[in-house]
Amino acid sequence: MTDSFSPARLSCGNRVLDLSRPHVMGILNVTPDSFSDGGRFAERDAALRHAGAMVAAGATLVDVGGESTRPGARSVSPTEELERVAPIVEAIARELDVVISVDTSTPAVIRECARLGAGLINDVRSLRRDGALDAAADSGLPVCLMHMLGEPGDMQDDPRYADVTAEVGEFLAGRMAACAAAGIPAERIVLDPGFGFAKALEHNLSLFKHMQQLQRFGRPLLVGVSRKSMIGGVLGRGIDERLYGSLALAALAVGKGAQIVRVHDVAETVDVVRMIAAVQAAE
Ligand code: 8Y4
């Protein structure tokens, strides 16, 4: 009985997320500005201001990432990634009341950010890098396991599925088993279908339609579709014209039971999510 229900709470370090209502995770830009002679301080300041604005708009999580997952992006060394992310995690932990999610696959970054006050490890590689399972286990933090085949650089080279939702479910079950073996219990896991990762438009749409199948694991679902190419593919809109498409998918995801939506447009999405939550909470 309790198995088929998502738990009401997720413990995120020193904060607890109430999962009886949906949450908005704001995507934080951490773009290194090589032209600013203010250097690291200006970067950290801009990130902190952006995070503060998202929290004021109602984000209960912010996702901080120092490595681009875009196809063709230059790879970043662990030291470089840590130098970008750690000061920002530290500043947000000191200044803001929010769960800090760290978008990383790198064991050293997982360990250091946990020490600095992060509340969630968001790994698009689902802890498949050497040492990542142990680092996440030792952190004591929850982990978001996301479906992706291959690596960001090659993932869009002709992805094929017989049944995309079933295969995503099998993949996530395998990663949950790997986590269990490494000492990360199910209670610390969040699952993510991985929209836009190793999936053609038809796969993204079918996976979205059948996302509810992933509720069978009894774990909270995180969905990231904001401004993604599946919206561009359907609507024929450029990246700056995808707000309404993004809001439609955020609403539909929450309607299908997603507890966390990862978005760029926090204020707009918070209105959508709060409206749905009000209806869901009614008699
Ligand atoms: C515009 C800007 C359009 C960026 C697309 C994008 C997910 C994620 C990403 C996700 C989880 C992205 C780090 C891709 N997507 N983490 N990360 N789930 N858990 N592209 O779907 O936002 S990066």
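Residues numbered from 1 in each chain as written. Predicted model: local features only at pLDDT ≥ 70, side-chain atom pairs only at ≥ 80, totals over all residues. Heavy atoms only, no water.

J.: Can you break down the packing of helix α5 (residues 164-182) against helix α6 (residues 201-209) residue by residue, with the values?
T.: The description of two packed helices rests on the angle between their axes and on the distance between the axes. The interhelical angle for the contact between α5 and α6, taken along N-to-C directions, is 75 degrees, at an axis separation of 8 Å. The angle between α5 and α6 falls in the class roughly perpendicular. Of α6, the residues touching α5 (which contributes Val164, Thr165 and Val168) are His203, Ser206 and Leu207. Counted by class, the contact of α5 with α6 contains three nonpolar, three polar and no charged residues. (Axes fitted to C-alpha atoms, helices over the stretch in contact; angles between N-to-C directions. Helix = DSSP H or I, 4+ residues; strand = E, 2+ residues; numbered from the N terminus. Parallel < 35°, antiparallel > 145°, perpendicular 65-115°, else oblique. Contact = heavy atoms within 4.5 Å. Nonpolar A, V, L, I, M, F, W, Y, C, P; charged D, E, K, R; others polar.)

J.: Give me the lowdown on the pairing of strand β2 (residues 15-18), citing residues and values where you can.
T.: With four bridges connecting them, strand β1 (residues 9-12) and β2 associate as antiparallel partners. When the sheet's bridge partners are listed, Leu10 is paired in β2 with Leu17. From the end of β1 to the start of β2, which pair antiparallel, there are two residues, and Gly13 there has a positive phi angle of about 65 degrees. (Pairing = 2+ DSSP bridges.)

J.: Kindly report on the site of the ligand, identifying the contributing residues and their values.
T.: Around the ligand sit 17 residues, and of these Asn122, Asp192, Arg227, Lys228 and Arg262 come closest. Between the ligand and Gly224 there is a distance of 3.2 Å, counted from an oxygen atom to a backbone nitrogen or oxygen. In this structure, Lys228 approaches the ligand through a side-chain N or O atom, which is 2.7 Å from an oxygen atom. Sorting the residues of the shell around the ligand by element identifies β7 (143-146) and β9 (222-224) as the ones contributing at least two each. Class assignment for the residues of the shell around the ligand results in six nonpolar, five polar and six charged. (Near = heavy atom within 4 Å. Polar contact = N/O pair within 3.5 Å; in protein donor to acceptor, adjacent residues only side chain to side chain.)

J.: Let's hear about helix α3 (residues 107-116): which residues, and what values?
T.: Note on helix geometry: an α-helix contains 3.6 residues per turn, so any two residues three or four positions apart are oriented the same way. All buried positions along α3 are accounted for by Pro107, Val109, Ile110, Cys113 and Leu116. Lining the buried residues of α3 we find α2 (78-95), β5 (99-103), β6 (120-123) and α4 (132-139). (Buried < 20%, exposed > 50% of the residue type's maximum accessible area, 1.4 Å probe, protein only.)

J.: Run through α5, naming residues and quoting values.
T.: With 19 residues, α5 should cover 27 Å at 1.5 Å per step; its first-to-last C-alpha distance of 27 Å lies within 8% of that length. Those residues of α5 that fall on the buried side of the exposure criterion are Val164, Thr165, Val168, Gly169, Phe171, Leu172, Arg175, Met176, Ala178 and Cys179. Tucked into the core, α5 has its buried residues touching α4, β7, β8 (189-192) and α6. Within two residues after α5, Gly183 carries a phi angle of roughly 95 degrees, on the positive side. (Expected span 1.5 Å × (residues − 1).)

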